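# Coordinate analysis (summary)
In case you want the letters, here they are:
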Amino acid sequence: LPPLLDALLPPPRLFLRHSFFSLTFGLAWILFSFIYYKAGGLTHEGETYIYSVADWDSPGGTCVFLFGVAFIFLPLTLCACSALLHFRRRCADGRPSSSSVSP
């Protein structure tokens with residue numbers, strides 16, 4: 001069944017602007033979690049953080065982790081997806097393809 005679906009479905013397109021959606025969502029979540037902490041929000045267990053990696057009681061580690069995800073992990077993931085799409089197109093066509101990331 002997967003090979004049949006792969007043959008019937010068009011190849012996915014990857015646009016650079018798609019990365020801005022995930023980056024915007026991530027930055028909005030970082031802002032929300034900081035405001036939640038500053039407003040005195042508590043979980044049902046009485047913790048001041050939603051996730052342990054976003055514990056604003058130790059802002060240094062939290063900032064490094066969250067901004068590392070936003071500005072290192074997400075761009076690397078986009079590059080990996082772009083490379084996989086390029087490889088897929090090249091294998092399917094038997095020739096080099098044009099860039100898999102469009103502006």
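The structure presented is a predicted model; accordingly, all values stated were derived computationally and were not measured. Residue positions within a chain follow its written sequence, with the count starting from 1. A pLDDT threshold of at least 70 governs which residues receive local features in this predicted model, and a stricter bar of 80 or more applies before side-chain atom pairs are shown or counted, although totals over entire chains, interfaces and linings include all residues. Only hydrogens and water are set aside; all other atoms, that is, all heavy atoms of the structure, feed into the side-chain values.

Moving on: the overall build of the protein chain. For the purposes of this entry, the term helix denotes a DSSP run of H or I that reaches at least four residues, the term strand denotes a run of E that reaches at least two, and both are numbered from the N terminus. Scanning the protein chain from terminus to terminus reveals three helices and two strands. Its helices and strands in sequence order give the protein chain the pattern α-β-α-α-β, from N to C terminus. A 1.4 Å probe rolled over the protein chains alone gives each residue an accessible area, and that area as a share of the maximum for its type sets the label: buried under 20%, exposed over 50%, partly exposed in between. A total of 103 residues make up the protein chain; the buried ones form 17% of that total. Throughout, a residue-residue contact means that at least one pair of heavy atoms, one from each residue, lies within 4.5 Å. Counted over contacts in the protein chain with a minimum sequence separation of 6, partners at least 24 positions apart contribute 47%. Every accessible area reported is derived by Shrake-Rupley at a probe size of 1.4 Å, with residue values counting cover from the shown protein chains alone. Roughly 7600 Å² of accessible area belongs to the protein chain as shown, and the carbon and sulfur atoms make up 72% of that amount.

Right, let's talk about empty space enclosed by the protein for a bit. In this analysis the probe radius is 1.4 Å and the grid spacing 1 Å, with only protein atoms considered; a cavity is a set of points the probe fits into but cannot get out of, a pocket is an open set with protein on both sides within 12 Å along at least five of seven lines, and lining residues have an atom within 4 Å of a point. Grid points are joined across faces, edges and corners, and a volume is the space filled by probe spheres set on the points. The full count for this structure, using the stated rule, is one cavity of 30 Å³ or more. Of the residues assigned to the lining of the largest cavity, the class counts are six nonpolar, two polar and no charged. All residues other than Ala, Val, Leu, Ile, Met, Phe, Trp, Tyr, Cys, Pro, Asp, Glu, Lys and Arg, Gly among them, are scored as polar; the first ten of these are nonpolar and the last four charged.

Between its first and last C-alpha, helix α2 (residues 16-38) extends 34 Å over 23 residues, near the 33 Å set by a 1.5 Å rise per residue. Where α2 terminates, the next one or two residues include G40, which has phi positive at roughly 85°. Each helix should span, by expectation, one fewer than its residue count multiplied by 1.5 Å.

So, on to the packing of aromatic side chains. Between 30 and 60 degrees the pair is tilted, below 30 it is stacked and above 60 it is edge-to-face, where a pair is any two Phe, Tyr or Trp rings, Trp via its six-membered ring, whose centres lie within 6.5 Å. Taken as a whole and assessed by the stated rule, the structure comprises four aromatic pairs. With a centroid separation of 5.0 Å and an interplanar angle of 75°, the aromatic rings of F34 and W56 are classed as edge-to-face. Of this pair, F34 sits in helix α2 while W56 sits in the loop between α2 and α3 (59-93); the two residues are 22 residues apart in sequence, bridging distant segments of the chain. Under the relative-accessibility criterion, F34 is labelled partly exposed at 34%. The buried category is assigned to W56, whose relative accessible area is 8%.

Atomic detail in the predicted coordinates should be set aside for any region of low pLDDT. Confidence of the predictor in every single residue is expressed as pLDDT, which spans 0 to 100. When pLDDT is averaged across the protein chain, the result is 81; 83% of the residues are at 70 or more. Mean pLDDT in the protein chain bottoms out at strand β2 (residues 101-102), which sits at 54, and peaks at α2, which reaches 87.

Now for the layout of surface pockets. A water-sized probe, rolled over the atoms, reveals where empty space remains. Here the largest pocket is characterised by a volume of approximately 190 Å³. Surrounding the largest pocket, S22, F25, G26, W29, I30, F65, L66, V69, A70 and L74 form its lining. Elements supplying a minimum of two residues to the lining of the largest pocket: α2 and α3. Here the lining of the largest pocket is built from residues that sort into eight nonpolar, two polar and no charged.

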